[in-house]
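Chain by chain, the residues run as shown.
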Amino acid sequence: MSENGTEATQAPQIKMNVLTQFVRDMSFENILAQKGASGNAQPDVQVQVNLDAKKRTSDHQYEVAIKLNITSKNKDDDSEMFILELDYAGVFHVEGVPEDQLHPFLLIECPRILFPFVRRIVSDVTRDGGFPPLNLDNIDFVALYRQEIARRQEQQDQPVN
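Residues numbered from 1 in each chain as written. Predicted model: local features only at pLDDT ≥ 70, side-chain atom pairs only at ≥ 80, totals over all residues. Heavy atoms only, no water.

J.: Give a description of the packing of aromatic side chains that names residues and reports values.
T.: Summed over the entire model, instances satisfying the criterion amount to four aromatic pairs. Ring geometry for Phe-82 against Phe-131: centres 4.9 Å apart, planes inclined by 55°, an arrangement best described as tilted. Of the two residues, Phe-82 is situated in strand β4 (residues 80-95) and Phe-131 in the loop between α2 (99-128) and α3 (141-157); the sequence distance between them amounts to 49 residues. For Phe-82, a relative accessible area of 4% translates into the label buried. You can call Phe-131 buried: its relative accessible area is 11%. Through pairs of rings, three or more aromatic residues link up here, namely Phe-28, Phe-82 and Phe-131. The cationic tip of Lys-55 hangs over the ring face of Tyr-62; the distance from NZ or CZ to the ring centre is 5.1 Å. (Phe/Tyr/Trp six-rings, centres within 6.5 Å; stacked < 30°, edge-to-face > 60°. Helix = DSSP H or I, 4+ residues; strand = E, 2+ residues; numbered from the N terminus. Buried < 20%, exposed > 50% of the residue type's maximum accessible area, 1.4 Å probe, protein only. Lys NZ or Arg CZ within 6 Å of the ring centre and 35° of its normal.)

J.: Help me get a handle on α3, residues and values and all.
T.: Across its 17 residues, α3 extends 24 Å between first and last C-alpha, which sits within 8% of the 24 Å expected from 1.5 Å per residue. Structurally, the start of α3 carries an N-cap: the backbone nitrogen of Val-142 is 3.2 Å from a side-chain oxygen of Asp-140. (Expected span 1.5 Å × (residues − 1). Polar contact = N/O pair within 3.5 Å; in protein donor to acceptor, adjacent residues only side chain to side chain.)

J.: Can you break down α2 residue by residue, with the values?
T.: Look at α2: 43 Å from first C-alpha to last across 30 residues, which is about the 44 Å you get at 1.5 Å a residue. Within α2, the axis deviates most sharply at Phe-105, by approximately 45°. Of the residues trailing α2, Gly-130 is marked for its positive phi of about 100°. (Bend = angle between axes of the 7 residues up to and from the residue.)

J.: Which residues make up the nonpolar core, and what are the values?
T.: Nonpolar side chains in soluble globular proteins tend to end up buried together. Counting residues in each nonpolar core, the largest one holds 32 residues, and the members touching the most others are Leu-68, Ile-70, Val-94 and Val-122. Breaking this core down by element, the ones donating at least two residues are β3 (61-74), β4, α2 and α3. In terms of residue count, the dominant contributor to this core is α2 (twelve residues). In contact with Leu-68, not counting residues within four places along its chain, are Val-47, Gln-48, Val-49, Leu-84, Glu-85, Leu-86, Val-118, Val-122 and Leu-136. (Core = buried A, V, L, I, M, F, W, Y, C linked by side-chain atoms within 4.5 Å. Contact = heavy atoms within 4.5 Å.)

Right under this line is the structure:
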């Protein structure tokens, strides 16, 4: 009982564990080396991020994936220098999250936990691929989630011909 005689309602206790994480798929192409080109090019790096979450067959288990498509082009002539595609996933045990908050939880909190590992892989692969290590900036997963919701809403609002 609280001071005013009413029962205090407690928020549900949220439990989350990372059960495993892994590289599902990865591809790195050093296009600059394939062309036999070298020199001091000024890179223009573009990073596309996609997120995916799905329920697994076990209770309270979800697989969350971060999919990156990174391209680096030469600023001078717009020629491609390298392409890195990475699909990195984690399996999470999640309990206590209300059903209406589960989708944003899986697509914001879980990627936040995976991101430092993704950043390290990208850095190592670009360095091992013959380029300076690419250290990704932090990703605002809240903003990314909101953009995706807005995009889906816009698609639903489109008239069907």
